[in-house]
Amino acid sequence: MGEEVFQKSKISEPVSIVAHQLKNPISVLKGYLEALISGEIGKINKKQKEYLYDALENVERMSTIVNHLLDVSKIEEKRYEVKKTPINLSALAKDVVEEFSSWAKAINCEVVFNPPADLLLVQADLIKIRQVIENLISNAVKYKSQGQAKVEIRIQKKGNKVLFSCKDNGIGVPDKDLKKVFSKFYRSEDALDIDPAGTGLGLYINKAIIELSGGKIWFKKNKEKGMTFYFTLPIIPSP
Amino acid sequence: MPKKGKPKILMIEDDIFFRKLYRDKLVREGFEFIEATNGIEGLNKVMSENPDLVLLDLMLPRKNGFDVLKDIKANPNTKDIPVIILSNLGQESDVKEALDLGAQDYLIKTEVRLSEVIDKVKKNFPKK
């Protein structure tokens, strides 16, 4: 079923096909859970609602895993598509910071954004760059150290590139693992303790997105504590 | 001539659970719901039932959704029926092709909530 459409969309690897086939049952589960939670099918009690939300959260996790697997197979089959349209990186970063700030605050983490003085437009894919920024900020917040934490986002112009940085004072990565940070499925022991459910694919996908957009992505260990991740994107010269 | 009665939605979708989910929801929302499980049956129902809106999957048995859409838009009797794609294919090229072929909207099943789909259906409904 749908084989010709799979071929048309260049979906050929078994992993991609299976991942695609998992999407329908996931969407169905999400739909049924959403209908139950809304109460329109009938009244549910507090405990039932709690369980339904837990089920929904786990379906969302499945969905993330499937999407990550699909992204990885597209990257490896060299058919990952990255659009190039003008985007205001600062506005995008501000939006993502706002999206994460209440969750961060709730776990004692402050997310600070230092916008550039000038409007900086880059040539990139809005949805995918948002995915990169969300992943970097969510990692920085999620893998924070005990107690009060801080994440600093900065955007600056560097020659014909725009430089984005995300600095945290979190748990970091052990020296022995530094070469594996952008590898598929890499998770440090400490990261596994904090979030056993992560896929270990986020940074691998980030690297592909940034490189396909004509930029670079890297990190350094901070002198004091934590890590700073950087990426660049080609700037659109102002007229 | 304006039709009487409840607005009629045709869902062309091969997944039985997906159809049930939308059948229940759309009926609760006051729509008449008709369904087809493959591309050929879907196209026949577009012509025989004259729905007010079509929810169309792309990966379908017998005739894929892109070809169904092409045929709907090529027929003067059906070309004005709004078609919303509801698919798991999310590549930019798939979205572009469907919109170029005349789809009103393109929704990705795993990324959209049931209630959002219903909102889109209502929004895309032709005014009578």
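Look a little higher up for the structure.
Anyway, here's the lowdown on the structure attached to this text. A quick note: this is a predicted structure, and the numbers were derived from the prediction, not measured.

Scanning chain B from terminus to terminus reveals 5 helices and 5 strands. In chain B, the succession of helices and strands from N to C terminus is β-α-β-α-β-α-β-α-β-α. Over its C-alpha trace chain B gives a radius of gyration of 13 Å, about what one expects of a compact globule, namely 14 Å for 128 residues. Across its three principal directions, the C-alpha atoms of chain B cover 40 × 30 × 25 Å. Expressed as a percentage of its 128 residues, the buried residues of chain B come to 39%.

So, about the interface of chain B and chain A. Opposite the 23 residues of chain B that make contact, chain A presents 19 residues. Counting residues per element, the side of chain B that touches chain A draws most heavily on helix α1 (residues 16-28) of chain B, at 5 residues. Per-class residue counts for the side of chain B that touches chain A are 9 nonpolar, 6 polar and 8 charged.

Attention shifts here to helix α7 (residues 202-212) of chain A. Residues and elements named next belong to chain A. The set of residues buried in α7 consists of G202, L203, I205, N206, A208, I209 and I210. Tucked into the core, α7 has its buried residues touching α3 (46-76), α5 (126-142), β6 (217-221) and β7 (227-234). With its phi angle positive at about 85°, G214 sits one or two positions after the end of α7.

Right, let's talk about the sheet that holds strand β2 (residues 109-114) of chain A for a bit. All names here are of chain A. The 5 strands are arranged β2-β4-β5-β7-β6 in an open sheet whose pairing can be described as mixed. Of all the strands in the sheet, just β2 and β6 have a single pairing partner and so form its edges. Ignoring strand direction, the axes of neighbouring strands in this sheet form an average angle of 15°. Bridge analysis of strand β4 (residues 149-158) against strand β5 (residues 161-168) gives 8 bridges, and the strand direction is antiparallel. Each bridged residue has a counterpart across the sheet, and for K157 the counterpart in β5 is V162.

Time to look at the environment of A:W218. Turning to its location among the elements, A:W218 is positioned in strand β6. A sequence separation of 45 residues divides A:W218 from A:V173, and the C-alpha atoms of the two residues are 14 Å apart.

Here we take up the pairing of strand β1 (residues 8-12) of chain B. All names here are of chain B. In terms of burial, β1 is largely enclosed, as 4 of its 5 residues are buried. As a crossover connection, the stretch from β1 through α1 into strand β2 (residues 32-36) is right-handed. The pairing of β1 with strand β3 (residues 53-56) spans 4 bridges and is classified as parallel. When the bridges of β3 are listed, I12 appears paired with L56.

All names here are of chain A. Secondary-structure assignment places F229 in strand β7. By C-beta crowding, F229 is classed as buried, having 22 other C-beta atoms within 10 Å. Between the C-alpha atoms of F229 and W218, which are 11 residues apart in sequence, the distance is 5.9 Å.

Residue and element names in this part refer to chain A. Tracing the sequence through the fold places K161 in strand β5. K161 sits in the partly exposed class, given 18 other C-beta atoms within 10 Å. Residues K161 and G214 lie 53 residues apart in sequence; the distance between their C-alpha atoms is 9.8 Å. Not counting residues up to four positions away in its chain, the partners in contact with K161 are T232, L233, P234 and I235.

Residues and elements named next belong to chain B. Read across the open sheet, the 5 strands follow the order β2-β1-β3-β4-β5; overall the sheet is parallel. Each edge of the open sheet carries a strand with a single partner, namely β2 and β5 (105-108). Ignoring strand direction, the axes of neighbouring strands in this sheet form an average angle of 20°. Alignment of strand β4 (residues 83-87) against β5, held across 4 bridges, turns out to be parallel. Counted as the bridge partner of S87 is I108 from β5. Together, β1, β2 and β3 form the strand contacts of helix α2 (residues 39-49), whose direction differs from that of β1 by roughly 165°.

Moving on, we get to the packing of helix α2 (residues 14-38) of chain A against α1(B). Relative orientation of the contacting elements α2(A) and α1(B) amounts to 30°, with a least axis distance of 9 Å. Taken together, the axis directions place α2(A) and α1(B) in an arrangement best described as roughly parallel. By crossing handedness, the relation of α2(A) to α1(B) is classed as left-handed. Residues A:N24, A:S27, A:V28, A:G31, A:Y32 and A:A35 of α2(A) pack against B:F17, B:F18, B:L21 and B:K25 of α1(B). For the contact of α2(A) with α1(B), a count of residues per class yields 6 nonpolar, 3 polar and 1 charged.

Attention now goes to the packing of α5(A) against α7(A). Residue and element names in this part refer to chain A. Contact pair α5 / α7: the axes reach a minimum separation of 10 Å and the direction vectors enclose 145°. Regarding α5 and α7, the two cross each other, and that crossing is left-handed. Every residue of α7 that contacts α5 at K128, I129, Q131, V132, N135 and N139 is listed here: G202, N206, I209 and I210. Looking at the contact of α5 with α7, its residues break down into 4 nonpolar, 5 polar and 1 charged.

With 39 residues, the main nonpolar core has A:L89, A:V111, A:I137, A:V141 and A:V151 as its most contacted residues. Only α4 (89-106), β2, β3 (121-124), α5, β4, β5, α7 and β7 of chain A provide two or more residues apiece to this core. Looking at this core, the element that brings in the most residues is α5(A), giving 7 residues. Those residues within four positions of A:V111 in sequence are excluded, and the remaining contacts are A:V97, A:F100, A:S101, A:A104, A:I137, A:V141, A:V151 and A:I153. Judged by nonpolar contacts, the second largest core, of 36 residues, contains A:Y32, B:L60, B:I72 and B:L86.

Each value, and the rule that gives it
Residues numbered from 1 in each chain as written. Chains lettered and ligands numbered in written order. Predicted model: local features only at pLDDT ≥ 70, side-chain atom pairs only at ≥ 80, totals over all residues. Helix = DSSP H or I, 4+ residues; strand = E, 2+ residues; numbered from the N terminus. Rg over C-alpha atoms; globule rule 2.2 N^0.38 Å. Buried ≥ 20, exposed ≤ 12 C-beta atoms within 10 Å, placed from the backbone. Contact = placed C-beta atoms within 7 Å. Nonpolar A, V, L, I, M, F, W, Y, C, P; charged D, E, K, R; others polar. Pairing = 2+ DSSP bridges. Axes fitted to C-alpha atoms, helices over the stretch in contact; angles between N-to-C directions. Right-handed = clockwise from strand over helix to strand, strands pointing away. Parallel < 35°, antiparallel > 145°, perpendicular 65-115°, else oblique. Left-handed = near helix turned anticlockwise from the far one by under 90°. Core = buried A, V, L, I, M, F, W, Y, C linked by C-beta atoms within 7 Å.

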